[in-house]
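Letter by letter, the chains look like this.
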Amino acid sequence: DAIGKGTYPTFMLKEIDEQPAVMRRISQHYLPVDQPIAIDPALIQHVAQADRLYFVAAGTSYHASLVGKRLFERYAQIPAEAGVASEFGYHWPLLSAKPFFIFLSQSGETADSRQVLVEAKRRGLPTLVITNVANSTLAREADYHLLLHAGPEIAVASTKAYTAQIAVEAVLAKAVGERRQLGAAQSFDLAGQLALAANAMDEITDNHQAWDQLAAEYLGSATDAFYLGRGIDYDVSLEAALKLKEISYVHTEGFAAGELKHGTIALIEPGVPVITFITEQATADHTRGNVQEVKARGGNVLVIASEACQQAGDQIVIPTLTDELMPLVTVVCGQLLAYYATLQRGLNVDQPRNLAKSVTVE
Ligand code: G6P
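These lines cover the structure that appears in this document, whether it is placed above or below. (Residues numbered from 1 in each chain as written. Predicted model: local features only at pLDDT ≥ 70, side-chain atom pairs only at ≥ 80, totals over all residues.)

Each helix and strand counted, the protein has 14 helices and 10 strands in total. Since a compact globule built from 362 residues should have a radius of gyration of about 21 Å, the 20 Å found for the protein is in line with a globular shape. Dimensions of the protein, computed from the C-alpha atoms along their principal axes, are close to 55 × 45 × 40 Å. Summarising the internal contacts of the protein: among those between residues at least 6 apart in sequence, 75% fall at separations of at least 24. (Helix = DSSP H or I, 4+ residues; strand = E, 2+ residues; numbered from the N terminus. Rg over C-alpha atoms; globule rule 2.2 N^0.38 Å. Contact = placed C-beta atoms within 7 Å.)

Right under this line is the structure:
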């Protein structure tokens, strides 16, 4: 039953657990074996001609667009910017000569994003919406749309839409990079990476009890929690922090690990949980240094590291993917920590206070 909970106690847990299947579905749909990538060639060509991409989105979708910026810069070699829709709408940047707009929206109904889409169209600029809802307002109004194929997402806190957005962004980045005849795109084994990600997600979601225990140990009595990482791990720390904040009402902050010393370290006192993502080999040593600074002040550090970056004592070690795809796996750890920390507080995981699944007012 696509919109029932099945045997699950909550939609959020069901949707977290569906992520491996969503990765496989996206791969089957967009990356058919021995065939070209299944995306409208006109869209690929249009993006390939752009000199700059402008990602516009809100909430979790904005966090997915931060990853999209990195994917397109690496695999399509097109400069990209990611903007929060409610800011972008009132403070348009100076545009490049050949801009292309990419809107990310699970629901396809977010008013802040639509406002920017309407203005982009008024200016005659090309637009794509990546959405989970085929007949949504944004899907109907944009020049192009790509579907997430994540299935209905019911829980207010977005989970599988985020990982689906990253996977679909990667598909398009590869297609555009191939169109531009870039070696980085041609040699990018995206189907292989998505299969690895799905398997890693399976391993993580197969062990609910371990996440329940970790959440109790690190977040059980927390009133504040910090998430840190560098580069792609910074992007995911923003999303993991948002997940905990929106459902558990614990005050959270996700920040770039190097910024610790420029302010946030003042808040580290004995027992404060600091969830640290370390999957980027180029910056791993620096982030390890930040972990030491936190530990020296009594912070309760939980390290989530990739195999390539792991060290003795790391609590969670996950398989290594290409840097830009690590959030597919690291975010699942953050989702499950948030989920169990919230259950343990006796709160309504699927329908947190004050939040709506889609916000149709600016
Ligand atoms: C609301 C939801 C968030 C979501 C955001 C953007 O605030 O509570 O979970 O990330 O809207 O929604 P969209 O449908 O545009 O991705």
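What follows is about the packing of helix α2 (residues 19-30) against helix α8 (residues 160-179). One can describe the packing of α2 onto α8 by two numbers: an axis separation of 10 Å at closest approach and a directional angle of 25 degrees. If you check the angle between α2 and α8, you find them roughly parallel. As for the relative orientation of α2 and α8, their crossing is right-handed in sense. Across the interface between the two elements, Gln-19, Val-22, Met-23, Ile-26 and Tyr-30 of α2 pack against Lys-160, Thr-163, Ala-164, Ala-167, Val-168 and Val-171 of α8. The residue makeup of the contact of α2 with α8, split by class, is eight nonpolar, two polar and one charged. (Axes fitted to C-alpha atoms, helices over the stretch in contact; angles between N-to-C directions. Parallel < 35°, antiparallel > 145°, perpendicular 65-115°, else oblique. Left-handed = near helix turned anticlockwise from the far one by under 90°. Nonpolar A, V, L, I, M, F, W, Y, C, P; charged D, E, K, R; others polar.)

Here the focus is the environment of Gln-49. As for its placement among the helices and strands, Gln-49 is situated in the loop between α3 (41-48) and β1 (52-57). A count of 14 C-beta atoms within 10 Å places Gln-49 in the partly exposed class. (Buried ≥ 20, exposed ≤ 12 C-beta atoms within 10 Å, placed from the backbone.)

To continue, consider the nonpolar core. Residues Phe-103, Ala-167, Ala-197 and Leu-337 are the most contacted members of the largest nonpolar core, which totals 124 residues. At 12 residues, the largest contribution of residues to this core is made by α8. (Core = buried A, V, L, I, M, F, W, Y, C linked by C-beta atoms within 7 Å.)

Residues spaced three or four apart along an α-helix point in a common direction, a consequence of the helix completing one turn every 3.6 residues. The first and last C-alpha atoms of helix α6 (residues 111-122) sit 16 Å apart over 12 residues, in line with the 16 Å expected at 1.5 Å per residue. Taken together, the buried positions of α6 are occupied by Asp-112, Ser-113, Arg-114, Val-116, Leu-117 and Ala-120. Packed against the buried residues of α6 are β1, α5 (85-88), β3 (99-105), β4 (127-131) and α7 (137-141). The first or second residue beyond α6 is Gly-124, which carries a positive phi of 75 degrees. (Expected span 1.5 Å × (residues − 1).)

Quick look at the sheet that holds strand β5 (residues 144-147) now. Across the sheet, five strands lie side by side as β2-β1-β3-β4-β5; this open sheet has parallel pairing. The two strands at the open ends of the sheet, each matched to only one other strand, are β2 (80-84) and β5. Recorded for the sheet is a direction-independent mean angle of 20 degrees between the axes of neighbouring strands. Here five bridges tie β1 to β2, and the two strands are oriented parallel to one another. For Val-56, the partnering residue across the bridge sits in β2 and is Gly-83. Lying over the sheet, α8 contacts β3, β4 and β5, oriented at roughly 140 degrees with respect to β4. (Pairing = 2+ DSSP bridges.)

Between its first and last C-alpha atoms helix α12 (residues 232-248) spans 25 Å; for 17 residues at 1.5 Å apiece the expected length is 24 Å, and the two agree. Within α12, 16 of the 17 residues are buried, which leaves the element mostly enclosed by the surrounding structure.

On to the sheet that holds strand β9 (residues 300-306). What the five strands build is an open sheet, ordered β7-β6-β8-β9-β10; its pairing is parallel. The strands lining the two open edges of the sheet, one partner per strand, are β7 (251-256) and β10 (316-318). Taking the axes of each pair of neighbouring strands and ignoring which way they run, one obtains an average angle of 15 degrees across the sheet. Bridge count for strand β6 (residues 224-229) against strand β8 (residues 273-278) is three bridges, and the pairing is parallel. Looking across to β8, one finds that Leu-228 is bridged to Thr-276. Against the sheet, helix α11 (residues 208-219) contacts β6, β8 and β9, and its axis sits at roughly 140 degrees relative to β9.

Turning to the pairing of β9, a few remarks are in order. The element β9 is largely enclosed, with a buried count of six among its seven residues. Strand direction decides the pairing type here: β8 and β9, joined by six bridges, are parallel. Directly across from Ile-278, in β9, lies its bridge partner Ala-305. This β-α-β element, β8 to helix α13 (residues 284-296) to β9, shows right-handed connectivity. Of the strand pairs in this sheet, β9 and β10 are connected by three bridges, and their pairing is parallel. Residue pairing in the sheet places Ala-305 in a bridge with Val-317 of β10. (Right-handed = clockwise from strand over helix to strand, strands pointing away.)

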